Amino acid sequence: MTGTPLPDHPDFLWRNPDPKRSYEVVIVGGGGHGLATAYYLAKNHGITDIAVLEKGWLAGGNMARNTTIIRSNYLWDESSGIYEHSLKLWETLEEDLDYPILFSQRGVLNLAHTLQDIRDSRRRVHANQLNGIDAEWLEPDEVAKVCPIVNIDPDVRYPVLGATYQPRAGIAKHDYVAWGFARRADAYGIDLIQNCEVTGIDVTDGRVTGVRTTRGDIAAGKVALAGAGHTSVLAEMVGLRLPLQSHPLQALVSELLEPVHPTVVMSNAVHVYVSQAHKGELVMGAGIDSYNGYGQRGAFHIIERQMAAALELFPVFARAHMLRTWAGIVDTTPDASPIVGLTPVENLYLNCGWGTGGFKATPGVGWCYAHTVATGEPHPYNAPFALSRFVTGALVDEHGAAAVAH
């Protein structure tokens, strides 16, 4: 598990400027999506008069707390379109940013444990193949060849009956991804402003005119929201009620281990997903905590069940020690798909509702959201994810392919 050696680091990779009085575009949220949007606004559209406002430290929210899985094997054409666009960008992102992100295409296995799992999984494989996405169906013995430490004993409570496999999927180092985007955005002259919480959004005659922050008022031609679990709070500042619920999502890592886990394994029925990070720790996640909240912590029983699930699939982990746990705040929609596009307020844009799938979409949604903000029209890849679909009924129901329960 070796990666590209890090370049010599300066003291800081980006400036830490004070906010100006006005900007052409203000992006609220300095995580992966906000930074990627700023970068692609500059690179693809020539817009550099941009401020990215982050209430804490840059990329200290969900970008620092996710489990780094990257894949595009979603069921519906709309979802696979934007995620595959993102995966293609991931494959050249290190060269594009001129910064190591440790993108490792080690493949992802989605396990099937019941006959209905098999039917659903094969359906998704066929849908992926029709969309040109690398997807395969593996029998249990083939699963063991890809990941020898998975328990394929037929006598366990939830036997592995097969799996979908996407070889191009994998993981990346989330901090390096954020730093790479921040470094390049700063080089374009974009202001990355930390410790700057938005406390209000100004609207005049139905058009956004600026934001109020803990570091003063900032006028803006356009405002793009990218606040993940706090997006509903931001939207309420202009009287916009969104179909979102925010939940804690927990993850954990083990102590450092020798390389034992060659791929990424996800199981919706047993309910755990596991990979091994570049340093050697096992990275594990499961489902969201069922209660709504904005705390970056969760309930112990979720971790306990997650450990039981991991040991069912990987008995070899029985003597491993848990190192630490944490949580992020995920915003989920009724159809487990994101909301990216326009709002009823002119020049106010929305990127939210990614649930547990935000990290893998980082470059793809940054590209598409930048197009939406720059042109005032949705990119073809994010057009199906308009807020209006909850009125028209044109939902994109991805609960089955989301890998964890939303």
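About the criteria used
Along each chain, residues carry numbers from 1 onward, in the same order as the chain's sequence is written. Totals for whole chains, interfaces and linings use all residues, but because this is a predicted model, local features are given only for residues with pLDDT of at least 70 and pairs of side-chain atoms are given and counted only at 80 or more. Note: side-chain values were computed over all heavy atoms of the structure, leaving out hydrogens and water. UniProt positions are given in the numbering used here, feature names are shortened, and annotations may be inferred rather than shown by experiment. A run of H or I in DSSP becomes a helix once it reaches four residues, and a run of E becomes a strand once it reaches two; helices and strands are each numbered from the N terminus. Here, two residues are considered to be in contact whenever any of their heavy atoms come within 4.5 Å of each other. The term salt bridge refers to a pairing of a side-chain nitrogen on Lys or Arg with a carboxyl oxygen on Asp or Glu at a separation within 4 Å. We call a residue buried when its accessible area falls under 20% of the maximum for its residue type, exposed when it is over 50%, and partly exposed in between, using a 1.4 Å probe and counting protein chains only. Any pair of N or O atoms that falls within 3.5 Å is considered a polar contact. Within protein, one atom must be able to donate a hydrogen and the other to accept it, and sequence-neighbouring residues count only if both atoms are side-chain atoms. Here an angle of 0 to 180 degrees is reported between the N-to-C directions of two axes, which are lines fitted to C-alpha atoms, with helices fitted over the stretch in contact. Here the word oblique covers every angle except those under 35 degrees (roughly parallel), over 145 (roughly antiparallel) and from 65 to 115 (roughly perpendicular). Residues were grouped as follows: Ala, Val, Leu, Ile, Met, Phe, Trp, Tyr, Cys and Pro as nonpolar; Asp, Glu, Lys and Arg as charged; and all remaining residues, including Gly, as polar. As used throughout, domain bounds are those supplied by an automatic or database domain assignment. Buried area adds together the accessible area that both of two parts lose upon being put together, with accessible area traced by a 1.4 Å probe. For a helix, the expected span equals 1.5 Å multiplied by the number of residues minus one.

Per an unreviewed UniProt entry, the protein chain is named Sarcosine oxidase subunit beta, and its organism is Streptomyces griseoruber. Taken from UniProt, the Subcellular location (unreviewed entry) comment for the protein chain reads in full: "Cytoplasm".

Novice: Is there a simple way to explain the environment of tryptophan 367 in this structure?
Specialist: Structurally, the position occupied by tryptophan 367 is in helix α8 (residues 362–375). Contacts of tryptophan 367, omitting those with residues within four sequence positions, involve Tyr40, Asn44, His85, Leu89 and His379.

Novice: Which parts of the structure should I look at to understand the pattern of salt bridges?
Specialist: Close approach of charged atoms allows side chains with opposite charge to pair. Following the criterion strictly, the structure yields 12 salt bridges and no others. The salt bridge involving aspartate 186 is made with arginine 15; its shortest N-O contact spans 2.9 Å. Placement of aspartate 186 in helix α5 (residues 174–187) and of arginine 15 in the segment before β1 (22–28) is noted, with a sequence separation of 171 residues between them. Aspartate 335 is the salt-bridge partner of arginine 389, the closest N and O atoms lying 2.8 Å from each other.

Novice: What is the right way to look at the side chain of histidine 261 in this model?
Specialist: Residue position: histidine 261 is located in the loop between β12 (245–256) and β13 (264–267). The buried category is assigned to histidine 261, whose relative accessible area is 1%. Here valine 274 takes part through its backbone oxygen, which lies 2.9 Å from a polar atom of the side chain of histidine 261.

Novice: Teacher, can you tell me more about the packing of helix α1 (residues 32–45) against helix α2 (residues 77–97) here?
Specialist: Pairs of packed helices are described in terms of their axes, by the angle between the two and the distance that separates them. With their axes 14 Å apart at the nearest point, α1 and α2 run at an angle of 75° to one another. Comparing their axes, α2 and α1 come out roughly perpendicular. For the pair α1 and α2, contact is made by Tyr39, Tyr40 and Lys43 and by Leu89, Leu93, Asp96 and Leu97, respectively. Within the contact of α1 with α2, the residues separate by chemical class into 5 nonpolar, no polar and 2 charged.

Novice: Just checking my understanding: could you explain the domain arrangement of the protein chain for this structure?
Specialist: Bring the parts together and some accessible area is lost; that lost area is often taken as the interface size. Along its sequence, the protein chain is organised into domain 1 (22–67 + 174–243 + 334–402) and domain 2 (105–169 + 245–330). Each of domain 1 and domain 2 has a C-alpha centre, and the two are 29 Å apart. Opposite the 14 residues of domain 1 that make contact, domain 2 presents 19 residues. Buried area between domain 1 and domain 2, summed over both chains or domains, comes out near 1,200 Å², and the portion from carbon and sulfur atoms is 53%. Three residues stand out in domain 1 for area buried against domain 2, namely Arg65, Thr67 and Gly229, and they jointly supply 47% of the buried area on that side. At the boundary of domain 1 and domain 2, one finds 0 salt bridges. In this structure, the connection of domain 1 to domain 2 is made through 5 residue pairs in polar contact (both at pLDDT 80 or more).

Novice: Please explain α5 as it appears in this structure.
Specialist: For an α-helix, the turn length of 3.6 residues means that residues three or four places apart are oriented alike. The terminal C-alpha atoms of α5, which comprises 14 residues, lie 20 Å apart, in line with the 20 Å expected from a rise of 1.5 Å per residue. Inspection of α5 places His174, Tyr176, Val177, Ala178, Gly180, Phe181, Ala182, Ala185 and Asp186 among the buried residues, and these make up the whole buried set. Of the residues one or two after α5, glycine 189 is the one with positive phi, at around 90°.

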